[in-house]
Amino acid sequence: MATSLTPSAFAQELEEVMVTATKRSESVQDVPLAITAFSGNFTKDVNMDDVKDLVSFTPGVTGNSQDSFIDAISIRGIRTQDFGIGGDPSAAFFKNDLYEGRNGSAVTSLFDMERSEILRGPQGFLFGRNSIGGAFSVHTQKAQIGSTDGYIDVDLGENEHRTIEAAQNVPVNDNFAMRFAGYYSHEDGVIENKYNGDSLSHSTPNPVSEYYDYNGDDMIKHEKAALRFSTTYEKDRLMVQTFVEYEERKQSGSVYRAVQEGDAWDALASSIPQLQPLKGGEFALDSDIGQGDDDDAEILTLGLKIEYDFDFATLTSNTGYKDHDYFYTEDYDGTPLYLSNYGQDQTGDYFQQEFRLTSNTDGALSWYAGTSYYKEELETEFILNSSEDHMCQYYGAAYYPGMGSGAGGAFTGCADYYGSSFTPSANGLLEERGTITGEYEGWSVYANMGYQFNEQWEAEVGVRHTYDEKTFGINVPTPESELGNYWAYGFSTDGKVTGPTEDWSDTQTRLIVRYRPNDEAMIYASFTEGYKSGGYASFGIAGPDGTPAGYGLATDKSGNPLNDVDIKQGEGYQGITFDPETVDSYEVGYKDTLFDGRADVSLTAFYYEYEDLQVVVSTDQGAASVENVGQSESYGLEGTITAPIDDNFSIYLALSYLHSEATDLQKVCGLADINGCEGSTLFWAPEYSGAVVLNHRMSIDGGELKGSLEVFGESSRGGGWEGLKETEIDTQYEAAFRYGFFSDNGWNVGMYIENLTDEEGWDGQNNNGGILPAHFFGQKRPRTFGLNLGYEWE
């Protein structure tokens, strides 16, 4: 069997990593997929915080961010473009083969890890659950029969950064063992907010101004704690593994800075004279944080895996349950004005069951087949607050330019816009709330058959049929403000309105051919169909004729206008649905092991056709909708090389190139802009991205010196479909340096410098529109010094 290699930040002898992405244990170099695997040691050595940090070291994967949202992650340009709960993520996250879920629940801490597998390209056939872009599959350390191993690691750094991670394996008898693991991490804010409360943006003081510290390095902070208990039972043909994991997270939500140029900013500044130039430099914050700054979650996960060996095949049962509570707030507009303060209060639970039978025979024929079922229940309250006066100022200027009584004909507020008949709300805010409920379930059946024709040629064919069913409900009360649901929704309901249950199904196929020119090399070609189920727009509802509700624009079946206020169940309104996304992906790859097992290479070329993109679309009726928009043809190259340089140095190199072209974009660009948008790239994904890890190792008396230099970066991206220069993110990179001493007695001490050159940059951008200016979000963490201390025992 070929040797699988993975980069280890403190090693010259690179580790072999076995993966189970193909439902059986194989070396990553034998898997005919674009897959990058990292050992648990690598995860710990480079201070990975949560599962999204795997992005930085994986070719073709970008979009890491400093919050718990996963909609910015792009795999070969395929990304979630709907942040509501009516659809599903395009990148799927799994822990111990159990689906992790969506925003708020999918991002969990990496501690006591066995390995991580990141698969690029559609993985719905292997993993299910709409893995149309790719899949992150992480595996924690399992309880080991007969082992008493354990460790403790402490990390202390600037900004009151402190992390402790520990684990202990406990053998009970010859058949049963337990493992305990824990994790805690804290860091103070690292980005200064220049706002000091001197430009209050509505009629009463800022609701949080009494206790929120606006000044100082108070943003992008976290405090997390997690515990895991796992067991293993083995006897004869039976193996049973369990794990229980609980994590509590308190951290900052996304932070934004408005872009102070372009038509959107000019329109905002001219209509609201109170808006002054933002304080601080390009990467500072000047944000009122009027609704708070929270990205908090409590997540409980239960897992049960049972395997039984029947000689001819192994039966596997995987059962999982996940419960989460999630609370999130942010100042989405990125200005000192109270324009768009967003909140999300979410609860949900998820159950899944999979049965799989995998062949054990040594003949030319191999196979596996299985079935899976899931059920998910979600309830989310979306909260969107804005200043009544600012709404009247901006939209008064848009509808009646120069008609206000303020300087230059600007409106001074709602009293100026509506006259003396307008009575402001008690706090001067338009507060729009909508509660969404989702009941989702589905099942799938799949089968895969492989046949080895001779020592060189092998082929596989697989088929999966997937069925998804969703029931959606929405409750949007009329706000206290006389503006009504003016901006976020455009309608209100009298209690919950539940639409009909919708379902979608699809059959996907996968074909793979492998050729082995020798014992170490493999060339493969594959065709894979990908699918992501349809869903519901989270912020909209449609009248009987299908027209989105808002401002009386929906009509009954006779064409008569409907009053889109206090909509009741049974009046013919229903949720707005969108269709599935699909992708046809073609891939050719080459893998080889060189230098007597001391180095490996993996190269991949791909082409895909991605259709019916599920995209948030602005409407004239008020609420944003989600519609299927256009298609993209993309191709690219990816490669990783792990190789020795000499007796003390080795290198890991990962690079990727992506070319994309999207067409039929009228719904997201508008007819006036279509000529400028047609043929746009998938703007959130850079053309080039990559990572380099240079490792050093040298033996000395009593132990070893080990270190690494890590650099990862990407070319420019952003600008939106319109390609706006003012919202383009420049080429950016980041570096880290680590070095330490690892004794023969199990203890170690080291130091690190992360963001070595103190680079500034952004996680992402949004062009927005209307009263919302374009903005960047997620400033990079500044240069940070730290120390590592650890001890391992057998």
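Residues numbered from 1 in each chain as written. Predicted model: local features only at pLDDT ≥ 70, side-chain atom pairs only at ≥ 80, totals over all residues. Heavy atoms only, no water.

**A look at the packing of aromatic side chains**
All chains considered together, the criterion is met by 48 aromatic pairs. Aromatic pair Tyr417 and Tyr418: ring centres 4.9 Å apart, planes at 75°, arrangement edge-to-face. Given a relative accessible area of 21%, Tyr417 falls into the partly exposed group. Ring plane angle 10° and centroid distance 6.3 Å describe the contact between Phe737 and Tyr739, whose orientation is recorded as stacked. Here Phe737 falls in the partly exposed class, since its relative accessible area comes to 30%. Of note, Arg76 hangs over the ring of Phe606, and the distance from its end group to the ring centre comes to 4.1 Å. A cation over an aromatic ring shows up here: Arg79 above the ring of Trp684, its NZ or CZ 4.5 Å from the ring centre. (Phe/Tyr/Trp six-rings, centres within 6.5 Å; stacked < 30°, edge-to-face > 60°. Buried < 20%, exposed > 50% of the residue type's maximum accessible area, 1.4 Å probe, protein only. Lys NZ or Arg CZ within 6 Å of the ring centre and 35° of its normal.)

**What about the pairing of strand β10 (residues 134-140)?**
With seven of seven residues buried, β10 lies mostly within the body of the structure. Side chains Gly134, Phe136, Val138 and Thr140 project from β10 onto one buried face, and the interleaved Ala135, Ser137 and His139 project onto a second face that is buried too. Sheet analysis places strand β9 (residues 113-120) next to β10, joined by seven bridges and oriented antiparallel. From the neighbouring strand, Met113 faces β10, where its bridge partner is Thr140. (Helix = DSSP H or I, 4+ residues; strand = E, 2+ residues; numbered from the N terminus. Pairing = 2+ DSSP bridges.)

**Notes on the pattern of salt bridges**
Opposite charge on two side chains makes pairing possible when the charged atoms of those side chains draw close. Summed over all chains, the structure comprises 42 salt bridges. Between Asp49 and Lys224 there is a salt bridge whose closest N-O contact spans 2.8 Å. Residue Asp49 is found in the loop between α1 (40-45) and β4 (61-62), and its partner Lys224 is found in strand β16 (residues 222-235); the two are separated by 175 residues along the sequence. Owing to a relative accessible area of 2%, Lys224 belongs among the buried residues under this scheme. Salt-bridge contacts for Glu460 lead to Arg510; the nearest nitrogen and oxygen are separated by 3.4 Å. Of this pair, Glu460 sits in strand β24 (residues 457-475) while Arg510 sits in strand β26 (residues 502-515), and the two are 50 residues apart along the sequence. In this structure, Glu460 and Arg510 share a single accessibility class: buried. (Salt bridge = Lys/Arg side-chain N within 4 Å of Asp/Glu carboxyl O.)

**Things to note about the sheet that holds strand β7 (residues 91-95)**
Read across the sheet, five strands follow the order β3-β9-β10-β7-β8 without closing on themselves; strand pairing throughout is mixed. With one partner strand each, in any of the chains shown, β3 (35-39) and β8 (98-99) form the two edges of the open sheet.

**Some remarks on the nonpolar core**
Trp487 and Ile771 are the most contacted members of the largest nonpolar core, which has 70 residues in total. Phe38, Phe57, Ala91 and Phe136 belong to the second largest nonpolar core, which has 26 residues in total. (Core = buried A, V, L, I, M, F, W, Y, C linked by side-chain atoms within 4.5 Å.)

**Digging into the packing of helix α3 (residues 263-271) against helix α4 (residues 388-399)**
Running from amino to carboxyl end, α3 crosses α4 at an angle of 110°, the nearest separation of the two axes being 9 Å. If you check the angle between α3 and α4, you find them roughly perpendicular. Counted together, Ala267, Leu268 and Ser271 of α3 and Gln393, Tyr394 and Ala397 of α4 form the full contact between these two elements. Split into classes, the residues belonging to the contact of α3 with α4 amount to four nonpolar, two polar and no charged. (Axes fitted to C-alpha atoms, helices over the stretch in contact; angles between N-to-C directions. Parallel < 35°, antiparallel > 145°, perpendicular 65-115°, else oblique. Contact = heavy atoms within 4.5 Å. Nonpolar A, V, L, I, M, F, W, Y, C, P; charged D, E, K, R; others polar.)

**Structural notes on the confidence of the model for the chain**
Across the chain, the average pLDDT comes to 89, with 92% of residues at or above 70. Between the elements of the chain, mean pLDDT differs from a low of 62, seen in helix α7 (residues 674-677), to a high of 98, seen in strand β13 (residues 176-187). Under a pLDDT of 50 for its full length, residues 1-14 has, in the predicted model, 74 contacts with residues more than four places off or in other chains. Low pLDDT, under 50, characterises residues 199-216; the stretch is placed with 46 contacts to residues that sit more than four places away or in other chains. (pLDDT = per-residue confidence, 0-100.)

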